[in-house]
Amino acid sequence: MNILILGSGGREHTFAYNLLQSKRCEKLFVAPGNAGTASIATNVNIKATDFEAVKKCVLENNIELVVVGPEDPLVHGIADYFAETSDLRDVMLIGPSKRGALLEGSKQRAKEFMMQHNIPTAAYESFTVESLDAGKAFLEKLNPPYVLKADGLAAGKGVLILKDLNEAKQELENMLKHSKFGEASSKVVIEEFLDGIELSVFVLTDGKNYKILPTAKDYKRIGEGDTGLNTGGMGAVSPVPFADEVLMKKIEDRIVKPTVNGLSKENIDYKGFVFIGLIKVNNEPYVIEYNVRMGDPETEVVLPRIKTDLVDLFEATYRQKLNAINIEIDERAAATVMLVSGGYPEDYEKGKEILGLENVEGSLVFHAGTKSENGKILTNGGRVLAVTSLDSDFKKALKKSYQNIEKLSFNRMKYRSDIGFDL
Ligand code: AMP
Ligand code: GLY
């Protein structure tokens, strides 16, 4: 069948790479894609949030399966648009409805959902500009550090963790009164700080049944030793060594099952990924956040470990038959290291030529922010390439990635040399 992937990052290049392993994949399109997807599929120059353009592309190319990479089109209701449009109704779209996507689109909604379905998470309250004073009073009752979260989508920047009470009060005011994160911070969730180690669990659900995919851990800070500014993610490993059977059983019983049952009880149409950000505190798992898509760069280590035909898996998801499918996982560990532009996550330059791609051996290079121009591959974003390797353990996998990175270069290329340091 013909397949369309929406998005343009390392996650989407990895989806493309995996889907092409399926005998069932005939023509593969990526919109808008990058230089990496262009080398293995057909890029279509449309935005994932331009639903009319997506429709035209689907109809013109006889697309039967659409895989939505990023959260934006989901939060804007692309699944509902497909369900409500007669020509598109039979197209298998992987991604939740707008109501499902609110689990990522609104932190307050996510917290309410967790409370409603007894899913362990940090205690919280939410505030608006009208209740600013109550918000400040709530902060006084908490112990530092203080966790402030913009309710809406803020491109991964909407969470502040502050040690000082006065600073926390000031930032709460900046968010509510001075629109620090625009409309996204017109409501703010304040929550209890949880002290522990983070991991992510990925679930594919058809709204009734689910499959737990490999665990992963990403490294969000720009600097070695988890210091400096937050980024989209500088690297990841899978599986997470401390996610043993005992912890995974707790996660499945207390978090995954109640999440899927909660979606079903609330009649939410959800055929897609649930990315559960967790924190382990004294061996007990708590949910930090839900995302309604796969993570990036977590996809770059999770998907290469999935041996099951991805088209079969997606079709089972769409037809609510996930219970009938077996998921086979590669026992090897995977690690990925992101190569980023100098200056990222603040200002950086684009358009630098990437050299050495043809010399990489024994690793997979997934493109994130790249484009091709006159036969050259150029940088086109903050995160540029993800270098993934598989081996018997994540340290060996990392070693391969770092060896291959030596062969790659572009002006002001940067990466973290300590991925997995805390494991
Ligand atoms: P989020 O966007 O909700 O994932 O938050 C971004 C990051 O902030 C998370 O990956 C955690 O490192 C941190 N964080 C969020 N909520 C908490 C919390 N309640 N306690 C401790 N750290 C948190
Ligand atoms: N790597 C974190 C995310 O995709 O949100």
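See above for the structure.
These figures come from a predicted structure and were not determined experimentally.

*Asks:* Could you give me a rundown of the overall build of the protein, with the residues and numbers involved?
*Replies:* Helix and strand counts for the protein stand at 13 helices and 23 strands. Whereas a compact globule of 423 residues would reach a radius of gyration of roughly 22 Å, the protein reaches 21 Å, a difference of no more than 12%. Over its C-alpha atoms, taken along the principal directions, the protein stretches across nearly 60 × 50 × 45 Å. By the burial criterion, 58% of the 423 residues in the protein qualify as buried. Sequence-distant contacts, at least 24 apart, represent 69% of the contacts inside the protein between residues at least 6 apart. Counting only carbon and sulfur atoms, one obtains 45% of the accessible surface of the protein, whose full area is about 18100 Å².

*Asks:* Explain the side chain of aspartate 296 to me, using residue names and the numbers behind them.
*Replies:* Relative to the assigned elements, aspartate 296 resides in the loop between strand E17 (284-291) and helix H11 (299-302). A residue is classified by how much of its surface remains accessible, and aspartate 296, at 11% relative accessible area, is buried. A polar side-chain atom of aspartate 296 sits 3.2 Å from the main-chain amide nitrogen of arginine 11. Among residues more than four places away in sequence, those in contact with aspartate 296 are Gly9, Gly10, Arg11, Gly232, Met338 and Arg383.

*Asks:* Can you explain the packing of helix H1 (residues 10-19) against helix H12 (residues 310-318)? Please cite residues and give values.
*Replies:* Running from N to C, H1 and H12 point in directions that differ by 105°, and their axes come no closer than 8 Å. On the basis of their axis angle, the class for H1 and H12 is roughly perpendicular. The residues of H12 that touch H1, namely those facing Phe15, Asn18 and Leu19, are Leu310, Val311 and Phe314. When its residues are assigned to classes, the contact of H1 with H12 shows five nonpolar, one polar and no charged.

*Asks:* Explain the sheet that holds strand E7 (residues 146-150) to me, using residue names and the numbers behind them.
*Replies:* With antiparallel pairing, the four strands of this open sheet are ordered in space as E6-E9-E7-E8. Strands with a single pairing partner mark the edges of an open sheet, and in this sheet they are strand E6 (124-128) and strand E8 (159-162). Going from strand to strand, the sheet's axes swing by 20° on average, the running direction of each strand aside. By the bridge criterion, four bridges tie E7 to E8 in an arrangement that is antiparallel.

*Asks:* Pulling in residues and values, what's your account of the site of ligand 1?
*Replies:* With respect to spatial proximity, 14 residues lie near ligand 1, and among them Glu191, Glu192, Leu194, Glu198 and Glu289 are the closest. At 2.9 Å, a backbone N or O of glutamate 192 approaches a nitrogen atom of ligand 1. Within the contact set of ligand 1, an oxygen atom lies 2.8 Å away from a side-chain nitrogen or oxygen of glutamate 289. Considering ligand 1 on its own, with 470 Å² of exposed area, one finds that the protein chains cover 88% of that surface.

*Asks:* Quick rundown of the site of ligand 2? Include the residues and the values.
*Replies:* The local shell around ligand 2 consists of Asp218, Gly232, Phe275, Arg293, Gly295, Asp296, Pro297 and Glu298. Between glycine 232 and ligand 2, the recorded distance is 3.2 Å, taken from a backbone N or O atom to a nitrogen atom. Note that an oxygen atom of ligand 2 is positioned 2.9 Å from one of the side-chain N or O atoms of arginine 293. Out of a free accessible area of 200 Å², ligand 2 has 87% covered by protein chains. For the shell around ligand 2, a count of residues per class yields two nonpolar, two polar and four charged.

*Asks:* Provide a residue-level description of the sheet that holds strand E2 (residues 28-32), including the pertinent values.
*Replies:* Strand order in the open sheet made by the five strands is E3-E2-E1-E4-E5, with parallel pairing throughout. Whereas interior strands pair on both sides, the edge strands pair on one side only; in this sheet they are strand E3 (42-43) and strand E5 (92-94). Where strand E1 (residues 2-7) meets strand E4 (residues 63-68), five bridges bridge the pair, whose relative direction is parallel. Looking across to E4, one finds that leucine 6 is bridged to valine 68. Packed onto the sheet, H1 meets E1, E2 and E4 and runs at close to 165° relative to E1. On top of the sheet, helix H3 (residues 51-60) reaches E1 and E4; it is set at about 160° to E1, its chief contact.

Parameters and conventions
Residues numbered from 1 in each chain as written. Chains lettered and ligands numbered in written order. Predicted model: local features only at pLDDT ≥ 70, side-chain atom pairs only at ≥ 80, totals over all residues. Heavy atoms only, no water. Helix = DSSP H or I, 4+ residues; strand = E, 2+ residues; numbered from the N terminus. Rg over C-alpha atoms; globule rule 2.2 N^0.38 Å. Buried < 20%, exposed > 50% of the residue type's maximum accessible area, 1.4 Å probe, protein only. Contact = heavy atoms within 4.5 Å. Areas by Shrake-Rupley, 256 points an atom, 1.4 Å probe, with all protein chains shown as cover. Polar contact = N/O pair within 3.5 Å; in protein donor to acceptor, adjacent residues only side chain to side chain. Axes fitted to C-alpha atoms, helices over the stretch in contact; angles between N-to-C directions. Parallel < 35°, antiparallel > 145°, perpendicular 65-115°, else oblique. Nonpolar A, V, L, I, M, F, W, Y, C, P; charged D, E, K, R; others polar. Pairing = 2+ DSSP bridges. Near = heavy atom within 4 Å.

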